[in-house]
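Spelled out from the first residue to the last, the chains are:
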Amino acid sequence: MSSLSSSSSYDVIVGGAGPAGVAGAMAAARAGASVALIEPQNALGGVWTTGLLSLILDSGNKPGIMDEIRNRLRARSAVADHRDLYDAEAMKIVLDELCEEAGIDILLHSKISEAVVSDSLITEVILECKEGRRAISARCFVDCTGDGDLAARAGCGFDLGRDKDGLTQPLTLMALLAGVPEEIRQQNQKTTASCLPKQSFLEMLQASGFEPSYRHPSLFALPNGLCALMANHQYELSALNSADLTKATLQARREIHQTVDAMRRIPGDWRNVRLVSTAAHIGIREGRRIHGHYRITLDDVIQGTRHPDAIARCTYGIDVHSPNLKEGGAISNPDVKSLPYDIPLRALIARDRDNLLMAGRCISGDFDAHSSYRVTGNAVATGEAAGITAALAALRDLLPAQLPFKDVLEQLKTLRHHPS
Ligand SMILES: Cc1cc2nc3c(=O)[nH]c(=O)nc-3n(C[C@H](O)[C@H](O)[C@H](O)COP(=O)(O)OP(=O)(O)OC[C@H]3O[C@@H](n4cnc5c(N)ncnc54)[C@H](O)[C@@H]3O)c2cc1C
């Protein structure tokens, strides 16, 4: 069992253990670095597990750790054959096993609350642990907190929300349901993840006397016989503020109970629908976007920009959930066509602190581009690249921006073509 009792000094500290953080820590450890992985919740996986997400997007062209996770889930019959719809409990144990096998020092129930900076370098992070405050140091840091907490505490610049009004995409509390009629569960098609066309589900709820705050309510059939429900939008509340998070969570949980009551009133076999669980943490689509050496833009998504330092290709289109009900309460995409585009390593290297990288949804980009690259297949791919870069930089006593890109690429290819 890996835990953080032995050391308070590491080559690499990864803050946040969502899809990006798990991949970042695994990649750094496999590259030979000593790694600590810090997570406030009681499980690895972030939105995959404590968020009950249940569907992995943009993972088809992502070999390496993404494939390993899928294969481990498959061995447990915990992922669907046609789409990456998975069982969140199985995901928890798969990630525990993979991180323990990689020799990562895992610390759950602990949050990064401060960063100590000397000149342009982060030297330590301060953790809020059950036993009190604790400092741990590293040569290189990777911010995988989703919200960019580590970078912000270290004084890095960032963007938040839309340029025109600062609004962010809404928050959503996911839920697991039992008792959805089997013929509805079976309708999950190859091309669409939802059991029912979203408009049909909306009309069924409206006919039962209920108006969901997300006007594209979705039901996903999971391999464990349950369904995941995504039917609420909590608007104009900040993911960076505990009072707002509390309000969003309480509102959302109340709405989920109302949604399930409405589903039970749908004619047919719906009366047996039951709420099994709401997620331990409300899903956050958007937090800080930390300034990096490159900022991915809407124009990159439209043009399908390629880069010499590409570490992943994003194939998922723009996906902006309406930041408020006035804009329809469903999707508020700009009227553009997306092309597959590259994520360059420079978008993962912090502009304002020299030994900090980012991975996952807090990398450097604008509001619209973020809505595309934020999905979890890309979070894993950026985690791999950031983890490798952090490890090589720490082991060679270089800064991430000083590493020859070919060395990062070589290690990345090894990880992706010959998974351990
Ligand atoms: C409701 C919803 C539906 C979505 N639908 C899909 C979908 O169907 N498919 C898909 O692929 N993507 C989907 N997304 C997008 C996707 O979930 C995120 O963009 C993705 O989680 C990004 O991964 P991440 O690792 O960057 O962040 P997260 O999964 O948010 O992980 C961040 C981790 O950091 C931890 N953390 C936070 N603060 C600190 C701190 N101060 N110190 C230490 N740790 C900290 C958190 O506890 C968490 O575990 C959805 C998002 C939401 C909210």
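All figures in this text were calculated on a predicted structure; none of them were measured in a lab.

Our focus in this paragraph is the site of the ligand. Taken together, 36 residues sit near the ligand, with Gly16, Gly18, Gly46, Gly283 and Gly360 positioned nearest. Of all the elements in the fold, those that place two or more residues in the shell around the ligand are helix 1 (19-30), strand 4 (111-118) and helix 10 (376-396). Sort the elements by how many residues they give to the shell around the ligand and helix 1 lands first, with 3 residues. In terms of residue class, the shell around the ligand is built from 17 nonpolar, 12 polar and 7 charged.

Let us look at the domain arrangement of the protein chain. Entries for the protein chain in the domain assignment read domain 1 (9-162 + 286-417) and domain 2 (175-278). The centre of domain 1, based on its C-alpha atoms, is set 28 Å off from the matching centre of domain 2. Taken together, the contact between domain 1 and domain 2 spans 23 residues of the former and 19 residues of the latter. Here the side of domain 1 that touches domain 2 is composed, by residue class, of 11 nonpolar, 8 polar and 4 charged.

Moving on to the packing of helix 10 against helix 11 (residues 405-417). Running from N to C, helix 10 and helix 11 cross one another at 125°; their axes reach a closest spacing of 10 Å. By the angle between their axes, helix 10 is oblique relative to helix 11. When you trace helix 10 past helix 11, the crossing you get is right-handed. In this structure, helix 10 contributes Glu384, Ala385, Ile388, Thr389 and Leu392 to the contact, and helix 11 contributes Asp407, Val408, Gln411, Leu412 and Leu415.

On to helix 3 (residues 88-101). Between its first and last C-alpha, helix 3 extends 20 Å over 14 residues, near the 20 Å set by a 1.5 Å rise per residue. Of all the residues in helix 3, the buried ones are Ala88, Ala90, Met91, Val94, Leu95, Leu98 and Cys99. Considered in projection along helix 3, the buried side chains sweep an arc of 155° and stay on one side of the axis. Contact partners of the buried residues in helix 3: helix 1, strand 2 (35-38), helix 2 (65-75) and strand 3 (105-107). Just downstream of helix 3, Gly103 is the residue with a positive phi angle, here 80°.

Moving on to the sheet that holds strand 11 (residues 274-278). Pairing between the strands of a sheet is mediated by backbone hydrogen bonds and can be parallel or antiparallel. Spatial ordering of the open sheet is given by 9-10-8-11, a layout of 4 strands whose pairing is antiparallel. Looking at strand neighbours, the two that pair on one side only are strand 9 (218-221) and strand 11, the edges of this open sheet. Across the sheet, the mean angle separating the axes of adjacent strands is 30° when strand polarity is ignored. Bridge count between strand 8 (residues 175-178) and strand 11: 4 bridges; the pairing is antiparallel.

On to the packing of helix 1 against helix 3. Each pair of packed helices can be summarised by the angle the axes make with each other and by the distance between the axes. The contact between helix 1 and helix 3 brings their axes to 9 Å, and the two run at 25°. In terms of axis orientation, helix 1 runs roughly parallel to helix 3. Of the two possible hands of crossing, helix 1 and helix 3 adopt the one that is left-handed. Between helix 1 and helix 3, the residues in contact are Val22, Ala25 and Met26 and Leu95, Leu98 and Cys99, respectively.

Let's shift gears to the environment of Val125. Positionally, Val125 belongs in strand 5 (residues 121-129). As for Val125 and Asn188, which are separated by 63 residues in sequence, their C-alpha atoms are 45 Å apart. When residues no more than four places from it in sequence are discounted, the contact partners of Val125 are Ile13, Gly15, Ile112, Glu114, Ala115, Ile136 and Leu150.

What follows is about the confidence of the model for the protein chain. Summing up the model confidence of the protein chain, the mean pLDDT is 95 and the portion of residues at 70 or higher is 97%. Across the protein chain, strand 15 (residues 356-358) holds the top mean pLDDT of 99, while helix 5 (residues 182-185) sits lowest at 91.

On to the pairing of strand 8, then. Strand direction decides the pairing type here: strand 8 and strand 10 (residues 227-230), joined by 3 bridges, are antiparallel. If you follow Leu176 over to strand 10, its bridge partner there is Ala228.

To continue, consider the nonpolar core. Core analysis: the largest hydrophobic core is formed by 134 residues, its most contacted members being Val12, Ala28, Val35, Leu37, Cys99 and Cys227. If one sorts the elements of this core by residue count, helix 10 sits on top with 11 residues. Summarising the domain contributions, this core has at least three residues from each of domain 1 (9-162 + 286-417) and domain 2 (175-278). With residues near it in sequence (within four places) discarded, Cys227 still touches Leu177, Val180, Arg185, Cys195, Leu219, Phe220, Ala221 and Leu222.

With that out of the way, let us pick up helix 6 (residues 198-207). Every buried residue of helix 6 is accounted for by Phe201, Leu202, Met204 and Leu205. Projected down its long axis, helix 6 carries its buried residues within an arc of 160°, all on one side. Facing away from the buried side of helix 6 by over 90 degrees, the exposed positions are Gln199, Glu203 and Ala207. As for helix 6, its buried residues are in contact with strand 9 and helix 7 (242-264). At the C-terminal side of helix 6, Gly209 shows a positive phi close to 90°.

With that settled, consider the environment of Pro334. If you trace the backbone, Pro334 turns up in the loop between strand 13 (310-314) and strand 14 (341-344). Note on Pro334: 13 C-beta atoms within 10 Å, which makes it partly exposed. In the structure, Pro334 is positioned 16 residues away from Ile318 in sequence and 8.0 Å away in space, judged by C-alpha atoms. Beyond its immediate chain neighbours, meaning those up to four positions away, Pro334 contacts Leu298, Ile318 and Asp368.

A negative phi angle characterises most non-glycine residues, just as the trans form characterises most peptide bonds. Positive phi is not limited to glycine here, since Ser54 has a value of about 85°. The exposure class assigned to Ser54 is buried, which follows from the 29 C-beta atoms found within 10 Å.

Thresholds applied
- By convention here, each chain's residues receive numbers from 1 onward along its written sequence.
- Reporting of local features is limited, given that this is a predicted model, to residues whose pLDDT is at least 70; pairs of side-chain atoms are given and counted only at 80 or more, and all residues count toward the totals for whole chains, interfaces and linings.
- To decide whether a residue is near a molecule or strand, its C-beta atom is placed from the backbone and checked for lying within 6 Å of it.
- Helix numbering and strand numbering both begin at the N terminus, where a helix is a DSSP run of H or I of at least 4 residues and a strand a DSSP run of E of at least 2.
- Gly is put with the polar residues, along with every residue not named as nonpolar or charged; the nonpolar set is Ala, Val, Leu, Ile, Met, Phe, Trp, Tyr, Cys and Pro, and the charged set is Asp, Glu, Lys and Arg.
- Where each domain begins and ends follows an automated or database-derived domain assignment.
- Working definition of a contact: two residues with C-beta atoms, positioned from the backbone, lying within 7 Å.
- An axis is simply a line fitted to the C-alpha atoms; with a helix, the fit covers only the stretch in contact. Between two such axes, the angle follows the N-to-C directions and lies from 0 to 180 degrees.
- The labels follow the angle: roughly parallel below 35 degrees, roughly antiparallel above 145, roughly perpendicular from 65 to 115, and oblique for the rest.
- In this scheme, a crossing is called left-handed if the near helix is turned counterclockwise away from the far one by less than a right angle; it is called right-handed if the turn is clockwise.
- Given the number of residues in a helix, its expected span is that number minus one, multiplied by 1.5 Å.
- Counts of 20 or more other C-beta atoms within 10 Å of a residue's own C-beta define buried residues, counts of 12 or fewer define exposed ones, and intermediate counts define partly exposed ones; C-beta atoms are placed from the backbone.
- Here the arc refers to the directions that run from the helix axis out to each C-beta atom.
- Should DSSP find at least two bridges between two strands, the strands are taken to pair.
- How sure the predictor is of each residue is captured by pLDDT, a score from 0 to 100.
- Put simply, a nonpolar core is a cluster of buried Ala, Val, Leu, Ile, Met, Phe, Trp, Tyr and Cys residues tied together by C-beta atoms within 7 Å.

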